[in-house]
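Residue-level structural notes
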Amino acid sequence: NAGVTQTPKFQVLKTGQSMTLQCAQDMNHNSMYWYRQDPGMGLRLIYYSASEGTTDKGEVPNGYNVSRLNKREFSLRLESAAPSQTSVYFCASSEAWGKNEQFFGPGTRLTVL
Amino acid sequence: QQQVKQSPQSLIVQKGGISIINCAYENTAFDYFPWYQQFPGKGPALLIAIRPDVSEKKEGRFTISFNKSAKQFSLHIMDSQPGDSATYFCAASRNSGGYQKVTFGTGTKLQVIP
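All figures in this text were calculated on a predicted structure; none of them were measured in a lab. The residue numbers shown here count from 1 along each chain, following its written sequence. Chains carry letters from A onward and ligands carry numbers from 1 onward, assigned in written order. For this predicted model, a pLDDT threshold of at least 70 governs which residues receive local features, and a threshold of 80 or more governs which side-chain atom pairs are given and counted, while totals over whole chains, interfaces and linings are taken from all residues. To obtain the side-chain values, all non-hydrogen atoms of the structure were used and water was disregarded.

**Some points on the packing of aromatic side chains**
This is how the line gets drawn: A pair of aromatic rings is counted whenever rings of Phe, Tyr or Trp (Trp by its six-membered ring) have centres within 6.5 Å, and the orientation is called stacked for planes under 30 degrees apart, edge-to-face for over 60 and tilted otherwise.
The tally for this structure, following the rule as stated, stands at 16 aromatic pairs over all chains. Look at Y25(B) and F33(B): their rings are 4.8 Å apart centre to centre, the planes differ by 45°, and that puts the pair in the tilted class. Ring pairs connect the aromatic residues Y33(A), Y35(A), F90(A), F104(A), Y36(B) and F104(B), which therefore count as one cluster.

Laid out in structure tokens, this is it:
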């Protein structure tokens, strides 16, 4: 039982390049989330998927897109990376309504030059 | 809009001492208040959580104190150990449209010195 896994662990991009961050969970959770973590700002929600087949914007969605590929997988795409997107990205999942604990992956450290 | 304010930003405590981290929230719709612990290079992990119908919850050396009228809650770590050195995030959560809408504090970096 791996929990929440993320790939890659590290990535360096040039401004304007695109990439997709991958996330998968093996806990049969319904809801999945993408956060970014910046110094002094805590974790901020980028996008979430309440259940398979649905996605919605969080607090800071600009410059990102997501795909809920199936119940297990939720990917985050940067179409044209900008230096402001340099951050640590965390994927998380939770069971369903009424189950509040979120389980986080190990993170992807992204640097945009 | 910072709905959950956390202090202090950093904290140094001697081994065996008490670490106290405070949080305040604004939205009275929040109904679940977790604390997450994050070690360097790792994702946050749930440490302890409380619902607003109780004023205190204790799990081992970790205690949450909750003051609903003041809209404040705090984490107390008794007998702090070097292994407790980590970043702690308070959060406030509510169910919204089938997902957990969680607002995190800005984090407190705790260092426990021997």
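**Remarks on the interface of chain A and chain B**
So the rule is basically this: Whether two residues touch is decided by their heavy atoms; if any such pair falls within 4.5 Å, the residues are in contact. Take a side-chain nitrogen of Lys or Arg and a carboxyl oxygen of Asp or Glu: if they are within 4 Å of each other, that pair is a salt bridge. Contacts described as polar in this section are N or O atom pairs within 3.5 Å, which, within protein, must combine one atom able to donate a hydrogen with one able to accept it, while residues neighboring in sequence count only if both atoms come from side chains. The helix and strand labels rest on DSSP assignments: H or I over at least four residues marks a helix, E over at least two residues marks a strand, and numbering proceeds from the N terminus. Here the nonpolar group is Ala, Val, Leu, Ile, Met, Phe, Trp, Tyr, Cys and Pro; Asp, Glu, Lys and Arg are the charged ones; every other residue, Gly included, is treated as polar.
With 23 residues of chain A at the interface, the matching set in chain B holds 21 residues. Counting the contacts that link chain A with chain B gives zero salt bridges. Our enumeration of links across chain A and chain B arrives at two residue pairs in polar contact (both at pLDDT 80 or more). Those elements that place two or more of their residues in the side of chain A that touches chain B are β4 (31-37), β5 (43-49) and β9 (87-94) of chain A. When residues in the side of chain A that touches chain B are grouped by element, the largest group, four residues, is from β4(A). Within the side of chain A that touches chain B, the residues separate by chemical class into 12 nonpolar, nine polar and two charged.

**Side note on the sheet that holds strand β6 (residues 56-59) of chain B**
Residues and elements named next belong to chain B. Applicable threshold: Paired strands, in this sense, are two strands between which DSSP finds at least two bridges. Lines are fitted to the C-alpha atoms to define the axes, a helix being fitted only along its stretch in contact, and any angle between axes, read from their N-to-C directions, falls within 0 to 180 degrees.
The strand order β1-β3-β8-β7-β6 describes an open sheet built from five strands, whose pairing is antiparallel. Unpaired on one side and paired on the other, β1 (4-7) and β6 mark the two borders of the sheet. Each adjacent strand pair in this sheet contributes to an overall mean axis angle of 15°, direction not counted.

**Quick word on the state of the cysteines**
Definition in use: Disulfide assignment relies on a single distance test, namely cysteine sulfur atoms paired within 2.5 Å. Each residue's exposure class comes from its accessible area (1.4 Å probe, protein chains only) as a fraction of the maximum for that residue type: buried when under 20%, exposed when over 50%, partly exposed otherwise.
One pass over the structure, following the stated rule, counts two disulfides over all chains. Paired by a disulfide, C23(A) and C91(A) hold their sulfur atoms 1.9 Å apart. Disulfide C23(A)-C91(A): the torsion about the S-S bond is -70°, which places it as left-handed. Of this pair, C23(A) sits in strand β3 (residues 19-25) while C91(A) is found in strand β9, placing the two residues 68 residues apart along the sequence. Taken as a pair, C23(A) and C91(A) share a single burial class, namely buried. Across the disulfide, C23(B) is cross-linked to C90(B) (sulfur-sulfur distance 1.9 Å). Disulfide C23(B) to C90(B): torsion about the S-S bond roughly -95°, handedness left-handed. Pair noted here: C23(B) is in strand β3 (residues 19-25) and C90(B) is in strand β9 (residues 86-96), with a separation of 67 residues, a long-range link. For C90(B), a relative accessible area of 0% puts it in the buried group.

**Focus on the pairing of strand β8 (residues 72-77) of chain B**
All names here are of chain B. For β3 and β8, the ladder comprises six bridges, and the chain directions are antiparallel. Bridging across to β8, I20 finds its partner in H76. Alignment of strand β7 (residues 62-67) against β8, held across six bridges, turns out to be antiparallel. Across the sheet, the residue bridging to T63 is H76, located in β8. Between the antiparallel neighbours β7 and β8 lie four residues, among them K71 with a positive phi of about 55°.

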